[in-house]
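Residue-level listing of the chains:
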Amino acid sequence: MRWVWLSAVISIMIPGPAVAESTVAPSGSNGGLAPEVIPVADWWKSPKVGPALQFIVQEDIRQNQLPQTIALTVEIEAGAYADFSEYLLELGGRYASIGHRPGHTVHGIRVPAAQMPALVQRYDLLRIEAPMSPLARPHNSADDMLSAHQFMADTMGYEQVGNMLLSDGKLARGQGNTAAVIDFNLDPFHPNLFHADGGIYDWVDVNKNGVFSPGYDGIDVDGDGVISDGEVIRLAEFPVVVFEWGGGNNGVVTNADSTFSPYSDYIFLDLNDNGYRDVGNDYGADAYTPGLGEPAFVGDDVNGNGVLDIGEKLFRLGTPKVKAIYDLGRDAVYTPGPGFSEYVDSVVTGKNADDIEFHGTYEATRVAGGHAEIQHMGGIAPGADIIFIDIESESGGSFLAGGDLNSALVWANELGARAFNYAYGDMITQYADGSSLLESTIAELHAQGIPQSASAGNEGDSPRHGIVELPPNSSVEVPIQVGLGQGPYSPDRFYMTLRWRGTANVSISGMISPDGTLVAGAPDTVVEVDGKNVAFNYFGGVSPRGNSLLGRVLADVQGKQLPKGQWTLGIQNASSQAVEVDIWVASQVPWP
């Protein structure tokens, strides 16, 4: 028997070869989804509805949070745009406010939830999918306690591309290019995300010691020959996540020695003497204010000796690299100036400092951090600009209440994004065979010659995944450890996704709880388990490429902890062919 651990919260033990049995036939391939006659209340069971959307709707109904208007991604028949548009309007719906392509077959739409029973029966509507993966999680996770301020120094990637030359002999630093970053929360005021094009300045050795000294020396910004209180240099240090080639020094560098390093630190002028740099609305910045705040600078260590010598210059931060932010959860676009302050306020409101994770800052600076004008720690293409798509705020409330990622990708492409970086992922509810509408848009961008970079995930050594082989007409029991490594605690819900190639008749034959309670078959109802009321919901189907998915959600109705310990999942193969089933599990507890 081989063990495959499947999570710090949930694990699975994959048994050896399954044993052939002559047991009761399952309820039908893929759990009996999508019957021919669908009650109005069960519109989400339509074969047109994708697994992720089935999952979200059931979770929303169970938690009484299904929004009145829901965001969807749909596919319509070719040539049906005009008729479908008229019908959508009749339903009280609309197309997405960004990324809408008239005449296209794939669209983001917003529809009153009450009209969904009618929409699913529309003859020219082929597929209806969720606006975003409901369990998307950030990959390449930054350090939680530092991530509100830290940035990324990808020296590993930079060493690979940093010495590439353009046709004119200049270094390829990303100038003139725009990258789209799809991630969770961004600090658009971080100094690493500005071009150092706001002017070149000398520093004044006020204390005459020949050493660059923040707190003493200054910059004569107004050119009057006098260093005023507001022109005294102040030090700004930020934690740095370093990825170096060879891995010798990977990890978070706190970077808090109170000593100026031209390669990693910044300086600013505290014009109002309040002890920190004011940005955005706090400074009264508009879209044209250099650095979107009080003057900030980077030093140009020309001789590379690690200090700023007399005669070496300061470059002022000027143009923001972040050209626009789209927040899926709020279905809103934010641009430099007051819009960035509004966005950041929406991210941090109601959170303690330690709960704020600007993971997107970490990833955006990995792509385009630093400054092409000088040698400064940062990302692979420091001369590039960024369009940021924030998917984090969908985790608050319903995943259907905001925008859709498909439209956001089209929007970013329209704004000039010529490379896309996806820093999230999850396997639950996903066919993962390239057949989803979102994947088709990604493939379309790739076909245009636009690079698409997606994180492989953090699950390589995690206990969330296993594979079991079922011979023809056989069944197998798969033990799942719930609450593993969580002390006395257990999650209030967990999710399973089973996938296999083709349409073999595979089903869930039942589950056994830690106290031995048998839940036969695959109920779509509330069952008493170990003295707790547990809701069993399902999702699944067959992808356009002919691959099958079967999912289950187990959730305590009152939001309390599920029974901790070993659950046993029964899987049955009632077909005449051998099947390899790919199993993923997850809980609502964030990774890891």
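Please refer to the structure higher up on the page.
Okay, so let's go over this structure. Nothing here was measured: the structure is a model prediction, and the numbers come from that model. (Residues numbered from 1 in each chain as written. Predicted model: local features only at pLDDT ≥ 70, side-chain atom pairs only at ≥ 80, totals over all residues. Heavy atoms only, no water.)

In this section: the pairing of strand S3 (residues 69-76). Counting buried residues along S3, seven of its eight residues qualify, which places the element largely inside the surrounding structure. When S3 meets strand S5 (residues 106-112), the two strands line up antiparallel, connected through seven bridges. From the neighbouring strand, Ile70 faces S5, where its bridge partner is Val111. Here S3 runs beside strand S6 (residues 125-129); their pairing, made up of four bridges, is antiparallel. Within S6, the position partnered with Thr73 by the bridge is Glu129. (Buried < 20%, exposed > 50% of the residue type's maximum accessible area, 1.4 Å probe, protein only. Helix = DSSP H or I, 4+ residues; strand = E, 2+ residues; numbered from the N terminus. Pairing = 2+ DSSP bridges.)

Below, the discussion takes up the sheet that holds strand S17 (residues 322-327). Pairing is mixed in the open sheet, where six strands are placed in the order S18-S17-S19-S9-S20-S22. Either end of the sheet is taken by a strand with one partner, and the two such strands are strand S18 (332-334) and strand S22 (452-454). Taken pair by pair, the neighbouring strands of this sheet meet at an average axis angle of 15°, ignoring direction. Where strand S9 (residues 178-183) lies against strand S19 (residues 385-390), six bridges are found, and the strand directions are parallel. Bridge pairing in S19 links Asp183 to Asp390. Packed onto the sheet, helix H6 (residues 359-368) meets S9, S19 and strand S20 (420-422) and runs at close to 155° relative to S9. (Axes fitted to C-alpha atoms, helices over the stretch in contact; angles between N-to-C directions. Contact = heavy atoms within 4.5 Å.)

Next up on the list: the sheet that holds strand S4 (residues 94-95). Here we have four strands laid out as an open sheet, ordered S4-S5-S3-S6, and antiparallel in their pairing. Of all strands in the sheet, those with a lone pairing partner are S4 and S6, marking the two edges.

A few words now on the pairing of strand S30 (residues 547-556). Of all 10 residues in S30, 10 are buried, a share of seventy percent or more. Alternating positions in S30 separate into two faces, Asn547, Leu549, Gly551, Val553 and Ala555 on one and Ser548, Leu550, Arg552, Leu554 and Asp556 on the other, with burial throughout. Sheet topology note: the strand S25 (residues 493-501)/S30 ladder contains nine bridges and is antiparallel. By the bridge assignment for S30, Arg501 is matched with Asn547. Both strand S29 (residues 532-542) and S30 contribute to a ladder of nine bridges, which runs antiparallel.

Of the positions making up helix H2 (residues 81-90), those classed as buried are Phe84, Ser85, Tyr87 and Leu88. Angular distribution of buried residues about the axis of H2 spans 165°; they occupy a single face of the element. Summarising the geometry of H2, the exposed residues directed more than 90 degrees from the buried face are Ala82, Leu89 and Glu90. Buried-residue contacts for H2 involve S3, S4, S5, helix H3 (116-119) and S6. (Arc of directions from axis to C-beta.)

All told, the structure shown has 16 salt bridges when counted by the stated rule. In this structure, Glu59 and Arg62 form a salt bridge, with 2.9 Å as the shortest nitrogen-oxygen distance. Placement of the pair is Glu59 and Arg62 together in helix H1 (residues 51-62), with a separation of three residues, close to one helical turn. The buried category is assigned to Glu59, whose relative accessible area is 6%. Close ionic contact of Asp492 with Arg493 constitutes a salt bridge, the shortest N to O distance being 2.9 Å. Across this residue pair, the class does not change: Asp492 and Arg493 are buried. Because the salt bridges share partners, they merge into one network encompassing Glu59, Arg62, Asp492 and Arg493. (Salt bridge = Lys/Arg side-chain N within 4 Å of Asp/Glu carboxyl O.)

Among the residues of helix H8 (residues 437-447), Leu437, Thr441 and Leu445 are the ones counted as buried. All buried residues of H8 fall inside an arc of 90° around its axis, so they share one side. Relative to its buried face, H8 has exposed residues pointing more than 90 degrees away, namely His446 and Ala447. Each element contacted by the buried residues of H8 is listed here: S3, S5, S6, helix H7 (405-414), S20 and S22.

For the rest of this paragraph, the subject is the packing of aromatic side chains. Here the structure, examined in full by the defined rule, presents 12 aromatic pairs. Both rings, one in Phe55 and one in Tyr495, keep their centres 5.1 Å apart while their planes meet at 70°; by these two values the pair is edge-to-face. With Phe55 in helix H1 and Tyr495 in strand S25, this residue pair connects regions lying 440 residues apart in the sequence. We note that Phe55, like Tyr495, is buried. One aromatic cluster in this structure is built from Phe55, Tyr495 and Phe539. Sitting over the ring of Tyr87, Arg122 keeps its end group 4.4 Å from the ring centre. (Phe/Tyr/Trp six-rings, centres within 6.5 Å; stacked < 30°, edge-to-face > 60°. Lys NZ or Arg CZ within 6 Å of the ring centre and 35° of its normal.)

Further remarks concern the packing of H7 against H8. A pair of packed helices can be characterised by two numbers: the angle between their axes and the separation between those axes. The contact between H7 and H8 brings their axes to 9 Å, and the two run at 15°. Overall, the two elements H7 and H8 adopt an arrangement that is roughly parallel. Along this stretch, H7 crosses H8, giving a crossing that reads as left-handed. For the pair H7 and H8, contact is made by Leu405, Asn406, Leu409, Val410 and Asn413 and by Leu437, Leu438, Thr441, Ile442 and Leu445, respectively. Tallied by class, residues from the contact of H7 with H8 come to seven nonpolar, three polar and no charged. (Parallel < 35°, antiparallel > 145°, perpendicular 65-115°, else oblique. Left-handed = near helix turned anticlockwise from the far one by under 90°. Nonpolar A, V, L, I, M, F, W, Y, C, P; charged D, E, K, R; others polar.)

For the rest of this paragraph, the subject is the side chain of Asp492. Within the secondary structure layout, Asp492 lies in the loop between strand S24 (474-482) and S25. A polar side-chain atom of Asp492 sits 2.9 Å from a polar atom in the side chain of Arg493. (Polar contact = N/O pair within 3.5 Å; in protein donor to acceptor, adjacent residues only side chain to side chain.)

It is worth spelling out the environment of Pro523 at this point. Among the secondary structure elements, Pro523 is positioned in the loop between strand S27 (518-520) and strand S28 (526-529). The exposure class of Pro523 is buried, given its relative accessible area of 17%. Placed 12 residues apart in sequence, Pro523 and Ala535 show a C-alpha to C-alpha distance of 8.9 Å.

Attention shifts here to the nonpolar core. Core analysis: the biggest nonpolar cluster contains 38 residues, and Trp43, Leu53, Leu72, Met116, Leu119 and Ile128 have the highest contact counts within it. In terms of residue count, H1 provides more of this core than any other element does, five residues in total. Non-local contacts of Leu53, meaning those with residues more than four positions away in its chain, are made with Trp43, Leu72, Ile128, Glu129, Ala130 and Leu400. One finds Ala236, Phe238, Leu317 and Ala368 within the second-largest nonpolar core, a separate group that totals 34 residues. (Core = buried A, V, L, I, M, F, W, Y, C linked by side-chain atoms within 4.5 Å.)

Position of Leu119 among the secondary structure elements: in helix H3. Its relative accessible area of 0% is what places Leu119 among the buried residues. Put simply, Leu119 and Leu88 are 31 residues apart on the chain and 8.4 Å apart in space, counted from C-alpha to C-alpha.

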